[in-house]
There are 2 protein chains.
Amino acid sequence: MATQEPEHFRVTYNDVHNLIRASAAKIAEFKPDMLIAIGAPPSARSEDTGFFPARVMRTFLKSPERKGNIPIHAIGLSLYESLPGLTAEQIGAQVIRTQWLGPESGALLLGRRALIVDEVDDSRKTLHYAVSELQADVERALEALPESERDAKRAKFAVFVVHNKLKPKLADLPADLPYYAGEEIEDVWLDYPWEAQDIEEHDRLAAEGKKKRAASAQ
Amino acid sequence: MATQEPEHFRVTYNDVHNLIRASAAKIAEFKPDMLIAIGAPPSARSEDTGFFPARVMRTFLKSPERKGNIPIHAIGLSLYESLPGLTAEQIGAQVIRTQWLGPESGALLLGRRALIVDEVDDSRKTLHYAVSELQADVERALEALPESERDAKRAKFAVFVVHNKLKPKLADLPADLPYYAGEEIEDVWLDYPWEAQDIEEHDRLAAEGKKKRAASAQ
């Protein structure tokens, strides 16, 4: 008997588009004035990038009150595999910034409301490091300001992911950080459309998968 | 009688995906080892960004010989409107880098084969500035090397756009620069899927448009 394939969860472009559309109303309450897309470094096992979701999110965050587009910035992080027994500090040292917001990252973020965007929240490690590193930049930039001005200038962060996998996470996000997920899913094998060679076949299998899931839910 | 609307040319996600797929075979001959996505700044009239095309392009440039993914970097350019009678130097001074490859941009590019990616080539100004600025960074970094090593380390650039509009261009690209377009189109009003509020309606109108164009071509 053949070994069973891991369950694939295929997502179409229009699925992703509509998940972002459905999330945008809630996210608008956070009033982001900046999107930070996380890009996967070349050495990463995963190929997640927030580039596409960030671009679509900008469409749905447009409002008549806001002049111009919300800017999209990109950051790249490279994480080393963690070893058992590492302290938080040692884990922090395992991050390399492969691309960042520029030499004045902290100053750029002062007073901003930044929505950090990624495809999928798997182990939560990348998101953890992105938030910690960005917050550390802000704290360094705040030190140059008089103490009385710091609270008003402290950047606010929020996170949006298209999919959040319901599984034990290897890292945390600050408890008060607004967190938005387009969809919560089991720990399945996610196939995104931008990784498909044959997009028509991908869509066909995605439709089949939806039917199967609907049938088994009854 | 109502004024006639400008002709809309609606493109679906799968259209873009397949245009990139069809271009990737030719582009593979250039052997890019780096993708540079152009992001539109918040003040831009156009909302073009190369984020999504770059992400899909990476899928189709994967090859068994290559370990790991091709890295995607992002740059942002802000162009001021040009005034008549400006010299090339004055035009050059109108560019602001809203995000760049980092403080060591030139060094990062040494010896690389970089494919610059954008959605649409309209006036060609953004592409012109992107190429000039990146080449200038490379030349500055080359000055630190012995003259005998410079030629081998001079970065090679190529350009890919999903659509090239057939219209008079306001700026040039170097004549020897490899240039790839997914599709050449008339100067129509391009509607990309990531700008659609209602993606199902967008797809429906895109299919109608295709039928009309096919009928009028007969």
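Not measured: the values here are computed from a predicted model.

Asker: Go over the packing of aromatic side chains with me, naming the residues and quoting the values.
Answerer: Evaluation of the coordinates by the stated rule reveals 13 aromatic pairs over all chains. Ring plane angle 45° and centroid distance 6.1 Å describe the contact between Tyr13(B) and Trp194(B), whose orientation is recorded as tilted. Highlighted residues: Tyr13(B) in helix H1 (residues 13-28) and Trp194(B) in the loop between strand E8 (189-191) and helix H7 (199-216), separated in sequence by 181 residues. Each of the two residues, Tyr13(B) as well as Trp194(B), counts as buried. Here Tyr192(B) and Trp194(B) contribute two aromatic rings whose centre-to-centre distance is 4.9 Å and whose plane-to-plane angle is 5°, an arrangement assigned as stacked. For the pair Tyr192(B) and Trp194(B), a shared accessibility class is recorded, and that class is buried. Taken together, the aromatic side chains of Tyr13(A), Phe52(A), Tyr192(A), Trp194(A), Tyr13(B), Phe52(B), Tyr192(B) and Trp194(B) make up a single cluster linked through ring pairs.

Asker: Pulling in residues and values, what's your account of the environment of Val131(B)?
Answerer: All names here are of chain B. Residue position: Val 131 is located in helix H5 (residues 125-142). Counting along the chain gives 46 residues from Val 131 to Leu 177, while the straight-line C-alpha distance between them is 9.5 Å. Setting aside anything within four residues of it in sequence, one finds Val 131 in contact with Ile 116, Val 159, Leu 173, Pro 174 and Leu 177.

Asker: Describe in detail the nonpolar core, supporting the description with residues and values.
Answerer: Among the nonpolar cores identified, the biggest contains 70 residues, and Met57(A), Leu115(A), Phe160(A), Met57(B), Leu115(B) and Phe160(B) are the most heavily contacted of them. Ignoring anything within four residues of it in the chain, the contact list for Met57(B) reads Ile20(B), Ala24(B), Ile27(B), Leu35(B), Leu115(B) and Phe160(B). Among the nonpolar cores identified, the runner-up in size contains 27 residues, and Met34(A), Ile75(A), Val159(A) and Ala181(A) belong to it.

Asker: An account of helix H2 (residues 51-60) of chain A is needed here, citing residue identities and associated values.
Answerer: Along H2(A), 10 of the 10 residues are buried, which leaves the element largely enclosed by surrounding structure. Buried within H2(A) we find Phe51(A), Phe52(A), Pro53(A), Ala54(A), Arg55(A), Val56(A), Met57(A), Arg58(A), Thr59(A) and Phe60(A).

Asker: I'd like to hear about the packing of helix H1 (residues 13-28) of chain A against H1(B), residue by residue, with values.
Answerer: As a packed pair, H1(A) and H1(B) sit with axes 9 Å apart at the nearest point and diverge in direction by 130°. The angle between H1(A) and H1(B) falls in the class oblique. Counting all contacts with H1(A), which are made through Tyr13(A), Asn14(A) and His17(A), the residues of H1(B) involved are Tyr13(B), Asn14(B) and His17(B). Tallied by class, the residues present in the contact of H1(A) with H1(B) amount to two nonpolar, four polar and no charged.

Asker: Please give an account of the pattern of salt bridges that cites residues and values.
Answerer: All chains considered together, the criterion is met by 31 salt bridges over all chains. One salt bridge in this structure joins Glu201(B) and Arg204(B), with 3.0 Å as the shortest N-O distance. Residue Glu201(B) and its partner Arg204(B) are located together in helix H7, separated by three residues, close to a single helical turn. According to the relative accessible area criterion, Glu201(B) is partly exposed, its value standing at 32%. What makes Arg204(B) partly exposed here is its relative accessible area of 42%. Connected through shared salt-bridge partners, Asp122(A), Lys165(A), Lys167(A) and Asp187(A) make up one network.

Asker: With reference to specific residues and values, describe the side chain of His163(B).
Answerer: Structurally, His163(B) is set in strand E6 (residues 156-165). Those residues in contact with His163(B), other than ones at most four positions away along the chain, are Phe9(B), Val11(B), Leu19(B), Glu119(B), Val120(B), Asp121(B), Glu183(B), Ile185(B), Leu190(B) and Tyr192(B).

Asker: Kindly report on the relation of the copies chain A and chain B, identifying the contributing residues and their values.
Answerer: In screw terms, the move from chain A to chain B is a rotation of 180° and a rise of 0.0 Å along the axis, fitting with an RMSD of 0.0 Å. Such values leave the two copies arranged in the relation of a two-fold axis. When the interface residues of chain A are mapped onto chain B, 100% of them are again interface residues, pointing to one common binding face.

Asker: Describe the interface of chain A and chain B, and please don't skip the residues or the numbers.
Answerer: Where the parts come together, the accessible area they lose is often given as the size of the interface. Each side of the interface is counted separately: chain A has 40 residues, and chain B has 40 residues. For the pair chain A and chain B, the two sides together bury roughly 3,500 Å², of which 46% comes from carbon and sulfur. Between the two partners, chain A and chain B, sit three salt bridges. Note that Arg55(B) is salt-bridged to Glu195(A), the shortest N-O span being 3.3 Å. Linking chain A to chain B there are 14 residue pairs in polar contact (both at pLDDT 80 or more). For the side of chain A that touches chain B, the secondary-structure elements that each account for two or more residues are H1, H2, strand E3 (72-79), strand E4 (95-99) and helix H7 (199-216) of chain A. Among the elements that make up the side of chain A that touches chain B, the one with the highest residue count is H2(A) (seven residues). Here the side of chain A that touches chain B is composed, by residue class, of 18 nonpolar, 12 polar and 10 charged.

Each value, and the rule that gives it
Residues numbered from 1 in each chain as written. Chains lettered and ligands numbered in written order. Predicted model: local features only at pLDDT ≥ 70, side-chain atom pairs only at ≥ 80, totals over all residues. Heavy atoms only, no water. Phe/Tyr/Trp six-rings, centres within 6.5 Å; stacked < 30°, edge-to-face > 60°. Helix = DSSP H or I, 4+ residues; strand = E, 2+ residues; numbered from the N terminus. Buried < 20%, exposed > 50% of the residue type's maximum accessible area, 1.4 Å probe, protein only. Contact = heavy atoms within 4.5 Å. Core = buried A, V, L, I, M, F, W, Y, C linked by side-chain atoms within 4.5 Å. Axes fitted to C-alpha atoms, helices over the stretch in contact; angles between N-to-C directions. Parallel < 35°, antiparallel > 145°, perpendicular 65-115°, else oblique. Nonpolar A, V, L, I, M, F, W, Y, C, P; charged D, E, K, R; others polar. Salt bridge = Lys/Arg side-chain N within 4 Å of Asp/Glu carboxyl O. Least-squares fit on C-alpha atoms with pLDDT ≥ 70 in both. Buried area = accessible area lost by both parts, 1.4 Å probe. Polar contact = N/O pair within 3.5 Å; in protein donor to acceptor, adjacent residues only side chain to side chain.

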